[in-house]
Every structure is written in C-alpha cells, then in structure tokens.
Amino acid sequence: MCLSQPKLPQDNSAQIAQQQNDQRQAQIKEGQGNIDTAFSKFDQPYFDNYTKTYEDNYNPQVDDQYNLAKQKEKYNFARAGVLDSTPAIFGADQLNKDYGNKRQQIASDALGATNDLKNNVANQKSQLYSQNLSAADPTLAASNATASAGTLSSQPQYSALGDLFSGLVNGTNAYMAGQNRSLPPGYATAFAPGGGIPTGSGSGRVVG
Amino acid sequence: MCDPFTMAAVGTAASVGGNYLNSQNALGNQKNAIWASNNANTALQAKENELQKQSSGIFDQTLKPFQGELPGQNLSAAQGGNTAAISGNAPTAAALAGGATTGNAPQVVADSENKSIADRMKTIGDNGARLGALSGYDALNQDTGRNLRDSSNQLGVIGNFAQQDANVGAATRQAAITNSQKAPSPFGDLLAGGGQVLSAGAGRGWFNKSPLPTPTYGALY
C-alpha cells in the first residue's frame, strides 16, 4: 500500500490562463459588436442627408444674394437706359456665371465637409476599437461608443457667406456710368489731354 | 540454493533490474513530455492558422480595390458621383432669366438673352463636370484611407488575439509537459537497493550454510 506510485499535483495554471484568455477575447468581440451597433447609424443615407443639409444651409444665402444683385443690376441698366440691350445681356451673363459657380462650389464644399465628417467618424471608431482592446470591457466600450456617437455632430463651425455679388454689380454700375459720361464717337472733349477745338470746315460761319 | 554465489548473482540481477526500471520510468516521462509538447504546439498552431486565415481574408479584401480594373472603375464612380452632386446643385435656366430684359424687349434681344443663358448653362455644366472629376480623386483617396483604417482595426484585434494565444500557448505547453510526468516508481529504487544489499550480504557470508571448521588450538605435546 505504502509502496504505491505517488501522484503529482495537477498544474492548472494554463487552464486558468486559457479560460481568462477566452473570456477576454469574447469580451473584445462583444465590445466590437457594441461599437459597430453604435456606429451603424453613420451609414450612406446619414451622410447623404448631411450633404443635403449643408447645401440647404448655404443655397438660400447664395440665392438671396443673387436675386438682390440681379435686381440692383437691373435697376442700374434701367438708369443707364440700356435695359433690353446687348451690354445688359452681357452684364447679366457675368452675374449668372458667378451665381452658377457659387452654387456648384457650395455642392463641392458640401462633399468635402461630408468627407471630413466621415473621417471624424472613422477616427472615433478606430479609437474605440483600440480602447476596447485595452479595456476588454464591453460595457465600457458601449458607453464610450454611445458618447462618441453623440458628440460627433457638433464639431464643425458653419460661417455665414460673405457678400458674393456686390463687386460685380458695382463694377457694372461703374461701367454704365462711364458709358453715360463718354461722348459719342467723333466727339472729343476740349479738356482731355491732347484734345483741342475740332478743326476742319463746316456749314457754320462766324458773324461779325 | 542460497549459496553466496547465487545470492550475489540474484542481488546483482535485482540491482540491474531496478536500475532498468528507473531508466524506463525516465524514458517514459521524456516521451510523455515530447508528446504533450507536440500536442500543445499543434493545438496552438491550429489556432494561429485560423487567425492567420482570417487576417488573410481581411487583407485580400483590402487589397481588392487596388487590383485589376477596380482602381479605374472606383475613380470613375467617385468622379461620376461628385459630378452629379455638383451639377445637381447648379441653378436652372429659368433662375438665370430676366436679368437684362423686360417683357417689352424686341424679339431679337429676347433671343439673344436666351442664347446667352443657354451658353452659360453649358459652361456651368462643363465646370461642374471638371470640378467633379477633380474632387473625385480626393473622394476616392479618402475613402481608401478609411477602408485601410477599418481593416487595420480588424487586423489589430486579430493580431492581439494571436499574441495572447501565443502567450497562453507557452504556458499551456509547459503545463502539459508538467502534467504528463509520472512520479518515479519506488520499485526500481527498492529493487536496485535490495539487490545491492543482497550482493553485499553474500560477500559478507550471510548465506554460508556450513561455516568453515573452526581451528582448534590444542597442545600438541
């Protein structure tokens, strides 16, 4: 009996470590799932809506300024007596060109801002993934994800547009005023440099 | 039967047998250790292979947009999308009308304005297409960057798992080796020890049946 072979105690340390590792990996996967769920609202329709919202914010400002500039320019044409004329059509076309460019620039800016937003979202998600790995705590990861998802929409500052068309209208106005003051071709002012009293023969004569 | 020479031979045989038992025990433990180590390594390798397969899948997916016709197709898609978005926000021809003429304008003037607006709409459309084509590069670039970051996140997690598995695997291997070892059997030592005692006893004459006659010292005279 006392000569029976003795038994060595079992080493369970690896089994315990394996269990902890399995548990940790399961927690990380669960945390990832929570992050993905929290960020699932940032899908393409969300970003499309952001682009539209951006345009909806700036388009009315451009439209309003354009309509005002158009009206001012039309008054200028009327005052100059050139309404319904080729110079007026040219002036209006310059304003239309600026208007078209501004509207398209708004759309381009909206796409850029949307890209920035997508990058911010991706950064936040990346940070949370990293934190989740370190913490291996799905509850913490979920609360962080919810907090990040909630604060994302309040980052950019949107400034109002400046005066877009006044330079063009003023320029047109000055051009029309200059046109009004200029003499018709063949006439020259006596006070202009190099000018003088017109010479040549005519039907008039000096009496006395 | 129990003569000293026989007992010495039995003792020697028992000693050799005991030593043989001990060496067999040691050999068995060594074999067990190797098997346990191999099994632990195989299990770890299987886990690592699975993770490696997952990583490869993610990497292949990440690489796909850079291969074959896809880069060109993706760029075209990005440029097309941006052009549509930019051109879609351009003003309409109706919005551009009425800036230079009145209802009393002669037909020739009205026609001239209409032509001017039509030409302007075309240049606005062309500008939109150019701006869309240009910004499409940036859109695709940023999209690619986000995809790379996303796959990096996933690969990072898998890498972390692999690292942890390797750490645990080393401990598992060591524990498997430890648990595969049997305590040495006491019979080997007992047999060897007993044999030695037996041999020594035989040498000392413990097993002599008839001791040599004791000399008698009597007076010879």
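Computed from a prediction, not measured in an experiment: that's the story for all the values here.

1. As for the overall build of chain A
In terms of helices and strands, chain A carries five helices and zero strands. Starting at the N terminus, the α and β elements of chain A follow one another as α-α-α-α-α. Of all 208 residues assigned to chain A, the portion counted as buried reaches 35%. Put simply, of all contacts in chain A between residues at least 6 apart along the chain, 86% involve residues at least 24 apart.

2. So, helix α3 (residues 86-135) of chain A
With 50 residues, α3 of chain A should cover 74 Å at 1.5 Å per step; its first-to-last C-alpha distance of 73 Å lies within 8% of that length. Looking one or two residues past α3 of chain A, Ala 136 of chain A carries a phi angle of roughly 50°, positive in sign.

3. Here's the deal with the pattern of salt bridges
This model, assessed by the stated rule, comprises nine salt bridges over all chains. In this structure, Asp 126 of chain B and Lys 122 of chain B form a salt bridge, with 3.0 Å as the shortest nitrogen-oxygen distance. Highlighted residues: Asp 126 of chain B and Lys 122 of chain B, both in helix α4 (residues 107-180), separated by four residues, approximately one helical turn. Given a relative accessible area of 32%, Asp 126 of chain B falls into the partly exposed group. Of the residues examined, Lys 122 of chain B reaches a relative accessible area of 54% and is grouped as exposed. The partner of Asp 143 of chain B in a salt bridge is Arg 146 of chain B, with the nearest N and O atoms 3.3 Å apart. Residue Asp 143 of chain B and its partner Arg 146 of chain B are located together in helix α4, separated by three residues, close to a single helical turn. With relative accessibility at 34%, the residue Asp 143 of chain B sits in the partly exposed group. Taken together, the shared-partner salt bridges connect Asp 22 of chain A together with Lys 47 and Asp 165 of chain B into one network.

4. Notes on the confidence of the model for chain A
The predicted model of chain A has a mean per-residue pLDDT of 82, with 68% of residues at 70 or higher. Ranking the elements of chain A by mean pLDDT puts helix α4 (residues 138-151) of chain A last, at 62, and helix α2 (residues 44-80) of chain A first, at 96.

Each value, and the rule that gives it
Residues numbered from 1 in each chain as written. Chains lettered and ligands numbered in written order. Predicted model: local features only at pLDDT ≥ 70, side-chain atom pairs only at ≥ 80, totals over all residues. Heavy atoms only, no water. Helix = DSSP H or I, 4+ residues; strand = E, 2+ residues; numbered from the N terminus. Buried < 20%, exposed > 50% of the residue type's maximum accessible area, 1.4 Å probe, protein only. Contact = heavy atoms within 4.5 Å. Expected span 1.5 Å × (residues − 1). Salt bridge = Lys/Arg side-chain N within 4 Å of Asp/Glu carboxyl O. pLDDT = per-residue confidence, 0-100.

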